[in-house]
Structures are given as structure tokens and as C-alpha cells.
Amino acid sequence: MSSTYLHTSIEYLKGVGPARADLLRKELGIRTLADLANFFPNRYIDRTQFLTIKQLQQNASEVQVIGKITELKTVQQKRGTRLVATFTDKTGTMELVWFRGAKWIKENLKVNTPYVAFGRVNWFHGQFNMPHPDLELVTEYKKGLQTTMQPVYPSTENLTNKGVTNKAIVKMMKHLFVAVNTTFEETLSKELLDKLQLISKSEALLNIHFPKNQQLLTKAQQRLKFEELFFIQLQLIRKKLIHKSKIKGNVFEKVGSYFNKFYNNNIPFELTNAQKRVLKEIRKDVKSGAQMNRLLQGDVGSGKTIVALLTMLMALDNGFQAALIAPTEILATQHYNAILALLHGLDIHIDLLTGSVKTKKRKEIHERLENGSLHILIGTHALLEDKVQFKNLGLAIIDEQHRFGVAQRAKMWMKGSRPDGELKKAIPPHILVMTATPIPRTLAMSVYGDLDISVIDELPPGRKQIITAHRYDSNRLSVFKFMKEEIAKGRQVYVVYPLIEESQKLDFKDLMDGYDSITREFPKPDYQISIVHGKMKGADKEFEMNRFLKGETQIMVATTVIEVGVNIRNASVMVIESAERFGLSQLHQLRGRVGRGAEQSYCILMTSFKLTADAKIRLETMVNTNDGFEIAEVDLKLRGPGDLMGTQQSGVLNLRIADIIKDAPILKRARELAIEVLYKDPNLENTANKNIKKTYRQITKNRAIWANIS
Ligand code: ADP
Ligand code: MG
């Protein structure tokens, strides 16, 4: 069937019409016949199995019962009427109930005539009832196709209410298959089909909607999953290739005296092999002539900062400026102080720009940036303001990227160097995004397919594993005792409380109550306590944070404001209150605040006795492993990819049939083959690839998958 026909509006399919077409578009995004063909069932049910009323169980699954309606009555309710039918077979009676459309349904029902009733049953007032059943006369049912695999399509309440039931969708699908004579255009090349032994598109569509048997269904699923993932990968990889060839970047030709002096005299430790490898990857990018767009992943404490600094020195050695942006003022300040200390004795000018920098100083920074006398600027969002203009920014580093959106990255991009002063000719700075949120490889591939990824997968030597324990609230006294022992050894302790938007008031009370009990248990003058929470002014937070940083206080009571990046080497205990309320990645980030020095560190997860199954898995995972990637995998399984950083924006994960976790092997294969196809035929010009090209065009025409900057 020709593709033009498949792209006609669904409205013209037999039994649809304008009203239903509108509904299908709004509720399911189905506009054309092709859209309908690619609307897949999410499961299948066995319509050859029947239960008697006596056999029914309260397990909320769908059942099929044959019986007769022996009585029909309309019950008046506060809101409209309810239609109740008594449904009887040889073994007992149940009720069929309609809350909507009572009048219309009543007129069309036949009493004392055998029906097949299909639906979920509820146990209510000592009897089973089936709300809004699918009803079919037994005589009609027998004429139809009884199958062990009847498709069940995803639906919405609005659709069912307006009569577009599953049965109606199946019917449309049948009309569609008749109209196109079960022929659909092939989207993959013969080579791919042969290589992977995939069934044709037509066969796959037929069997996904009307499977003849389990084996064919599986084949259909395999084929359609591969196709879906293949075209996503094709887009991502093609985009990356285009980017590489088209987006010009500043060339950092040499490694010069800043880098070498620093490396020979200042660097306080030997780089780990992982750090060295990552630096090589970056080095290759920045001298290539194309713009670098690289994501640097490394678990908390893996030493990303030094990599950032060395990369900045490469920029400086080639006459460029560099910028480093952090998500919070505390973190920016910490980076600034750490880098300032590391650079001592080198003739490098560096400054800090945050929201609390006074106007006069700010003006001065602007001037020095524009005349080029400032080499490195470290800061927060304040750095993104339009007023902040560089003379020749060659590199922008963004730390802890999940706090920043795509739009902000785009702003950095616009601050690129302008050798001849013209905006149009601006060369974007190289961009290095650093994140401590480990993204499982499978996911990173799909979400950041157009970014290059470097991973620091090794911690600096001498780090001790953090010991993690789960304790119940009732054990609090022994936890206090342990804290005292650690403090007596000269260590510092964090106590963290959740603060969740929706229950802010209650959470705040918990925090304050906790603070009170800790001040009672750890009285002055023996103990000094800091507190930091979101309601405090920036300057007050800073003050408290600094007292802890300088070792003037031993305990830091805080909400998750300390979640990101602070580096206090002497802190060795992290107590997390109501740990069951934190997500896994948050727990892992928090735990990463300790274990930064040479001491043995501990993380104590406090919870109540009431724990959900998921919470138990989270706690167990934390106790069992320190490996951020392993934790991310569990997190992904528990929450699904939708909640992970960045995935909402990408839209890549709105998959129709494939599952990014379960189908990871197919994803891997799809990626390999997409690379292979594009390697041999970058513009898909070979006739052998004409199906692929046509589909690719269609997809990219329909949705531009993402903006230039990812
Ligand atoms: P993160 O990746 O979490 O940003 P940091 O860059 O803050 O980690 O590094 C954590 C700590 O480890 C810092 O105190 C840093 O000085 C130290 N560090 C980094 N690299 C090494 C190394 N190769 N050897 C020893 N210590 C290192
Ligand atoms: Mg860091």
C-alpha cells in the first residue's frame, strides 16, 4: 500500500468520522492511518477462557462470564443515574453496573438472552459486580474470532466514556487492515532484515495487532522494538556526525606553560589512571577544530575538579578565557577557594561571581572579563546574565549538571569567542558538563547519544569504603552515642532531614524538633552545632557552613541544601533522618559528603518501622554497595527512566514498544547497526538504504528531536 494513502486522516477510515477522529487525536495522538497502525497493544488476554460466577475471585484481573440479564433497574443517585443489571448463570448471580450512559445502554440490552460479559470484577456488599462490562451476545461472539491473544490497547477514561472502547479500537484496526490489504511499507533495508532475521513490517504489524500465536507475537515485538530503537539511534548518531563536521570549535593547539608549571609544581597528588584517560579524551577534542560537547561522569569524590582545572589551563595556554559554573553559591565559593589555593604562585587571574557580589565589584569583574585581564571566572547562575561578556571565552565547564537546564547551557554557548567582534561569527566555547549522578550506560546512550561521554570510574587511592548501616528511630540513643565517640576522635558529623516541597511545614517542624533534641543531647560548651536550611538567608547559610568548614562546630544539622558537592574532609559521619523518604540517588549523593578524607567514614540511615517494599530495596541497596552505577541501575528499575535527570527534556524515552531497561540488548544492537549503516553511507544515499532514508525523513520531519545544544 502506498505511503500517501497511509498518511490520510484517520477520519476517513470506516466507522471513525470527524468526532471520533478528534477524540483519537486528542487522547492518543493518532492522526493518520499510519499512526493507528503503529498504535500497539500493551498486553493480550485470552478470550477462550470462561469462568462461572462461582469461580470468580477478588483479584481484579479481567474475566469472561457467560450469563443472562434477569433484571434491569435504574437507581437514582446524587449525581445522575446508575444502571444495574442482575447477571445470572447456573452457579450464581452478580451485578453489571453502568454509571454513565444508562439510558442508551438500557434501551439496547436484551433481557434473558445469553451474553458474554467481559471486564474486571469488584467484590462489593457481599457480591461481585462488573462495572462497564464489554457485553456481546453469545450468538455474535461465536461469529467472531476467538483467540488466546486478544489485544488490549492503552486507553483513557475520556475514550471509554465516549464509547471508544477496546472493542471499538479492535474494530477500527480490522477496518484498517482490510483497507490496506495487510500491506505496509517496509522501513528497514533488506540487509538489516536478513542480518537480524527480522520479519517484514507487514507481517510484524499484523501479528502485533492480531497475533496468531505466541511465537509470531514474539517475532513481531522483536522486529518493532528493533525498528523503534534503530531509528532513535540513527537520529542521535547522525546528529552527532553533523555536529562534528559543522560546528567549528576553538583550537587549543598546544599544552603550554600554565599547564606544565601546574603539573610539575602545584598538583598535590598523582592523577588516577581514570583521570589521565579522561584528560586525554578532552585533549583530543579541544585540538580537533570541532566544538567539544562532553559529559564527564564521575562518582562523588572521584576527583572531577582537578580535571576541570587542568582543562581550563589548556584554554589559558592558548590565549582563551575559561568559566566554571556551579549550581549553588556555597559550591561556587568552594571551587573558587580550592582552585585559588591550587594555583598559588602561578600568574593566573581568577575571580568569583555570584548573586551576592556587590555592584562595584561586579562592574570591575565585567570590565576585566571584557578586556581579557581576567583568565578564569567561577560562579553561579549570575554568570549567565547577558551583561556578563567575555573577551574570548574558549571553555565553559558546568558542574553538577542536573541543576541546570538546556536553556542555561545555551546561554553559555552564546558567550563564545568572537575574534572579529561579530555575533554571527561567534565560535562557541568548548563545553564540559560534569555530573556525579551516575547514568547507566544503556540510558546514557539513548539520552546523551549526541554528547560524548567520559567516565572517571576509579576513586583516588587510599579511600576507605564508607560503612553504611540502617537503624530504626528506636535506636536513636545508640546512634547519639556513636556520634559522641566520633566527635571525641576529632571528627565532624552531618545530620540531614528531608525537606520536600509538598509537606514543607511538617518537614520544617521535624528539622527544628530534631535540632532541639540534638542541642539537648550535645550541650554547649562541649559541643557546637551548625544549622542550615532553605528558609535561611544566603549569608546566614554561608556563615553556618563556614563555621562547620573551619571546624568550629562539630555537628551540621541540615536539610538537603548540602546535597551537592561540598567538600569537608574531616566530616566522617552522615546521619540521614527519615531515610525512607529519600530517593536512591539523593541518598547516594548525601553519603558522598563523607569519606573525603583518610578516615573511616560512616553513613547511618534512620527510619521508622513502617517501610514500603520499595523503601526496603533502597535501604538494602545503600547498605550493600557504594557503587554509584549499581545504585543507578536499581534506581532505574524502581522508578523508571522518566524520573532520571534530563530524560524529560529529551523526549527520547517516550517509547511505543521498546523498554529501555528490559530491551537493553536490542538497544545495543540497534546502536551498533545504526553506526555501521551511517559509517558506510552517511547520507543514506545508497539505493539499498532507501527504505531507511524514507522513514528517517518522515520521522525527522514530524519532530525535530532536540535543540542544537544538549
Ligand atoms: P568530585 O568528583 O566529587 O567533584 P573532587 O574533585 O571534589 O570530587 O575530589 C574529591 C577529593 O579528592 C578532593 O579533596 C581532591 O583533592 C581529592 N583528589 C582528587 N583527585 C585525587 C587523586 N588523584 N589523588 C588523591 N586525591 C585526589
Ligand atoms: Mg564536585
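Numbering of residues starts from 1 in every chain and runs along the sequence as written. Whichever chain is written first is A, and whichever ligand is written first is 1; the rest continue in order. Only residues with pLDDT of 70 or above have their local features reported here, since the model is predicted, and side-chain atom pairs are shown and tallied only from 80 upward, although totals for entire chains, interfaces and linings are computed over all residues. Heavy atoms throughout the structure, all of them, feed into the side-chain values; hydrogens and water do not.

S.K.: Explain the environment of Val-116 to me, using residue names and the numbers behind them.
M.R.: The numbering of helices and of strands both runs from the N terminus, where a helix is a DSSP run of H or I of at least 4 residues and a strand a run of E of at least 2. Along the chain, Val-116 turns up in strand β5 (residues 114-120). Burial classification: accessible surface area is computed with a 1.4 Å probe over protein chains only, and a residue below 20% of its type maximum counts as buried, one above 50% as exposed, and the rest as partly exposed. On the accessibility criterion, Val-116 (1% relative accessible area) is buried. Between the C-alpha atoms of Val-116 and Ile-66, which are 50 residues apart in sequence, the distance is 4.6 Å. Between two residues, a contact is recorded if the distance between any of their heavy atoms is within 4.5 Å. Look past the residues within four positions of Val-116 in its chain and what remains in contact with it is Arg-47, Phe-50, Gln-64, Val-65, Ile-66, Asp-134, Leu-135, Glu-136, Val-138 and Tyr-141.

S.K.: Give me the pattern of salt bridges: which residues, what numbers.
M.R.: Side chains that carry opposite charge are capable of pairing whenever their charged atoms lie near each other. What makes a salt bridge here is a side-chain nitrogen of Lys or Arg within 4 Å of a carboxyl oxygen of Asp or Glu, nothing more. Tallied over the entire structure, the rule returns 32 salt bridges. A salt bridge links Arg-547 to Glu-544; the shortest N-O distance between them is 3.7 Å. In this pair, Arg-547 and Glu-544 both sit in helix α20 (residues 538-549), three residues apart, roughly one turn of the helix. The partner of Glu-672 in a salt bridge is Lys-668, with the nearest N and O atoms 3.5 Å apart. On the criterion of helical spacing, the pair formed by Glu-672 and Lys-668 is a turn pair, its members being four residues apart in helix α25 (residues 664-680). When salt bridges that share partners are traced, they join Arg-277, Glu-281, Asp-285, Arg-294 and Asp-457 into one network.

S.K.: I'd like to hear about the pairing of strand β19 (residues 529-532), residue by residue, with values.
M.R.: Along β19, one buried face is formed by Ile-529 and Ile-531 and the opposite face, lined by Ser-530 and Val-532, is buried too. As defined by bridge partners, β19 adjoins strand β20 (residues 555-558) across four bridges and the pair is classed as parallel. For Ile-531, the partnering residue across the bridge sits in β20 and is Val-557. For the crossover from β19 across α20 to β20, the handedness is right-handed. We treat two strands as partners when DSSP finds at least two bridges between them. Orient the strands so they point away from the viewer, and a crossover whose first-strand-to-second-strand path over the helix runs clockwise is right-handed.

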